[in-house]
Amino acid sequence: MKKICIFNQKGGVGKTTVNINLCANLALMGLKILVIDIDPQGNTTSGLGIDKRKVNKSMYDILTNAEVKLNDVIVESELISNFFLAPSTMELAGAEVELIGLSKREEILKEKIREVENEYDYIFIDCPPSLGFLTINALTACESVLIPIQCEFYALEGVGQLVNTINLVKKSLNQELDIEGVLLNMYDSRTRLSSEVVDEVKRYFKDKVYDTVIPRNIRLAEAPSFGLPVILYDRKCKGTEAFSNLTNEFLSKNKGEI
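Because the structure is a prediction, the values reported are computed rather than measured.

## Quick word on the pairing of strand 4 (residues 83–86)
Item 1. Alternating positions in strand 4 separate into two faces, F83 and L85 on one and F84 and A86 on the other, with burial throughout.
Item 2. Bridge analysis of strand 3 (residues 75–76) against strand 4 gives two bridges, and the strand direction is antiparallel. Following the sheet pairing, V75 is matched in strand 4 by L85.
Item 3. Linking two consecutive strands that pair antiparallel, namely strand 3 and strand 4, is a turn of six residues; a positive phi of about 70° is found at N82 within it.

Printed below as a string of structure tokens:
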């Protein structure tokens, strides 16, 4: 079992898209997957076809109520077998304020995950685009961080801060934390800039960068509005092909670690 955060403090880099589609592919390959949506926007939750207005208990309850267990919140996907989700709602945005005086509040999620971690092959956590309380909880609970980076001009802006944050959490809260990999996302082969960003990211992160690059793709962008992973929306589009390749590469790098 492995716990992985999908995180970049920059918004709009495709974290949720990566989370939904990588996890969906892993589940379709027969692995038991849990996705924890710890972003108050709840895009992973809605992107998997779950109506947030009908969620009775969410990650807000997990973080603010010691009596609520993670299994009380987890729902099984109706789309894919072996695929489970701990949903998020906007209430989660207030969790940090409510818990401001609590000791060891950075370890709440870590303790809750311990109750279920042996039931899954992989647990992925979709983090908000910030370096606040929710993200620190996720980084403390995980073994590694998968970093999506958009192939645009400001791609590496803030990456140094992100790496420093990972190192700080590793030093003070979670010695096991490491970078799982760096994924280049929203690649546009028509532009010279995208190729330059790829080269720059590879110089910075070296062998941590996945060979698979996720292209800009209309069908990939449309799929969340239908509450579907792209593989269930259009099996033949370039987005589906890219995430299939990423899934195989991810499993190859994690061979023997399940």
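## A look at the pairing of strand 5 (residues 122–126)
Item 1. In terms of burial, strand 5 is largely enclosed, as five of its five residues are buried.
Item 2. Of the two faces of strand 5, the one lined by Y122, F124 and D126 and the one lined by I123 and I125 are each fully buried.
Item 3. Bridge count for strand 1 (residues 2–6) against strand 5 is five bridges, and the pairing is parallel. Along strand 5, the bridge assignment pairs I6 with D126.

## Some details on helix 8 (residues 159–172)
Item 1. Helix length check: helix 8, at 14 residues, gives a terminal C-alpha distance of 20 Å against a target of 20 Å (1.5 Å per residue), a fit within 8%.
Item 2. For helix 8, the set of buried residues is V159, L162, V163, T165, I166 and V169. Seen from one end, helix 8 has its buried residues packed into an arc of 155°, which puts them on one side. Opposite the buried face of helix 8, by more than 90 degrees, sit the exposed residues N164, L168, K171 and S172.
Item 3. Its buried side turned inward, helix 8 meets helix 7 (133–141), strand 6 (144–150), strand 7 (178–187) and helix 9 (192–205).

## Here we look at the pattern of salt bridges
Item 1. Tallied over the entire structure, the rule returns ten salt bridges.
Item 2. Of the charged contacts, one joins R53 and D51 as a salt bridge, the two residues approaching to 3.0 Å between their closest N and O atoms.
Item 3. Overall, the relative accessible area of 75% leaves R53 in the exposed class.
Item 4. By relative accessible area, D51 is classed as partly exposed at 25%.
Item 5. As a salt-bridge pair, E115 and K69 come within 4.0 Å of each other at their nearest N and O atoms. A residue pair is termed long-range when its members are at least 10 positions apart, and E115 in the loop between helix 6 (108–114) and strand 5 and K69 in the loop between helix 3 (59–64) and helix 4 (70–73) qualify at 46 residues.
Item 6. By relative accessible area, E115 is classed as partly exposed at 35%.
Item 7. The class for K69 is partly exposed, based on a relative accessible area of 40%.
Item 8. A cluster of three or more residues bridged by salt bridges with shared partners is formed by K3, E117 and E143.

Conventions used here
- Residues numbered from 1 in each chain as written.
- Predicted model: local features only at pLDDT ≥ 70, side-chain atom pairs only at ≥ 80, totals over all residues.
- Heavy atoms only, no water.
- Buried < 20%, exposed > 50% of the residue type's maximum accessible area, 1.4 Å probe, protein only.
- Helix = DSSP H or I, 4+ residues; strand = E, 2+ residues; numbered from the N terminus.
- Pairing = 2+ DSSP bridges.
- Expected span 1.5 Å × (residues − 1).
- Arc of directions from axis to C-beta.
- Contact = heavy atoms within 4.5 Å.
- Salt bridge = Lys/Arg side-chain N within 4 Å of Asp/Glu carboxyl O.

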